[in-house]
Amino acid sequence: TLRAKAASGDLFVLHITSEGKLLHDTAEVFPRVCESFRYRTSYENEIREASCVNWFILERPNLLHSRTMRKRLIWGLRTILIARSAEERTPAFSSSALADFANVPELKSAVDDRYSLEPAALREICTRITSTFGFSHAALSWPSDADAQKELLSAMSGIAKITAEGLPRRRKKS
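Along each chain, numbering runs from 1 in the same order as the chain's sequence is written. Thresholds applied to this predicted model are a pLDDT of at least 70 for local features of residues and 80 or more for the giving and counting of side-chain atom pairs; totals over whole chains, interfaces and linings are not thresholded and use all residues. Based on all heavy atoms of the structure, the side-chain values leave hydrogens and waters out of the count.

(A) Fine view of the environment of serine 109. Secondary structure counts use DSSP, requiring at least four H or I residues in a row for a helix and at least two E residues in a row for a strand, with both numbered from the N terminus. Position of serine 109 among the secondary structure elements: in helix α7 (residues 107-112). In the structure, serine 109 is positioned 13 residues away from serine 96 in sequence and 8.7 Å away in space, judged by C-alpha atoms.

Okay, structure coming up:
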């Protein structure tokens, strides 16, 4: 339920309770969800998954020609920063709030213009954010082999798994 997710510190529920606008709630569910929200001490799992997705895409610049991969890269960047801001109890969600949190003014345009930004510029800012706020290759025990990287993503849930499953399989050399 939404209250259970709030009690477990879910980032989406944090977004709803922080910035949601109540339109109609005769059962008064929203205030109870807000009261139930508890921050986690750490959002390590979310940051780990987002870092894996980002490193996978960043190591393959040709993937940045895909709108889907750009969307996933920005998802990873936003997830890392939202999670870090939540750990500090200063949640940030909008592109401008995330840019302020990260102290990287150009982040706003990277998020807002993700589909039109030059691939090199997008790679640079996403590499900087993932390196600074996410997990390093060493912290992730990031494999050097592409197939092993896909297996690591596939073993996760959510966007990481979807990202790995959406890629074409490499043919084995005979």
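There's plenty left to go through after this.
(B) Geometry of the packing of helix α5 (residues 67-87) against helix α11 (residues 158-165). Close contact between α5 and α11 brings their axes to 11 Å; oriented N to C, the two are set at 155°. Considered as vectors, α5 and α11 are oriented roughly antiparallel to each other. As for how α5 packs across α11, the hand of that crossing is left-handed. Only Ile159, Ile162 and Thr163 of α11 make contact with α5, whose side of the interface consists of Met69, Arg72 and Trp75. Counted by class, the contact of α5 with α11 contains four nonpolar, one polar and one charged residues. The axes are straight lines fitted to the C-alpha atoms, using for helices just the contacting stretch, and the angles between their N-to-C directions are given from 0 to 180°. For classification, angles of less than 35 degrees are called roughly parallel, those exceeding 145 degrees roughly antiparallel, those between 65 and 115 degrees roughly perpendicular, and all remaining angles oblique. Note: crossing handedness is left-handed where the near helix turns anticlockwise from the far helix by less than a right angle, and right-handed where it turns clockwise. The contact criterion used throughout is that any non-hydrogen atoms of two residues lie within 4.5 Å. For this classification, the nonpolar set comprises Ala, Val, Leu, Ile, Met, Phe, Trp, Tyr, Cys and Pro, the charged set comprises Asp, Glu, Lys and Arg, and every other residue, Gly included, is treated as polar.

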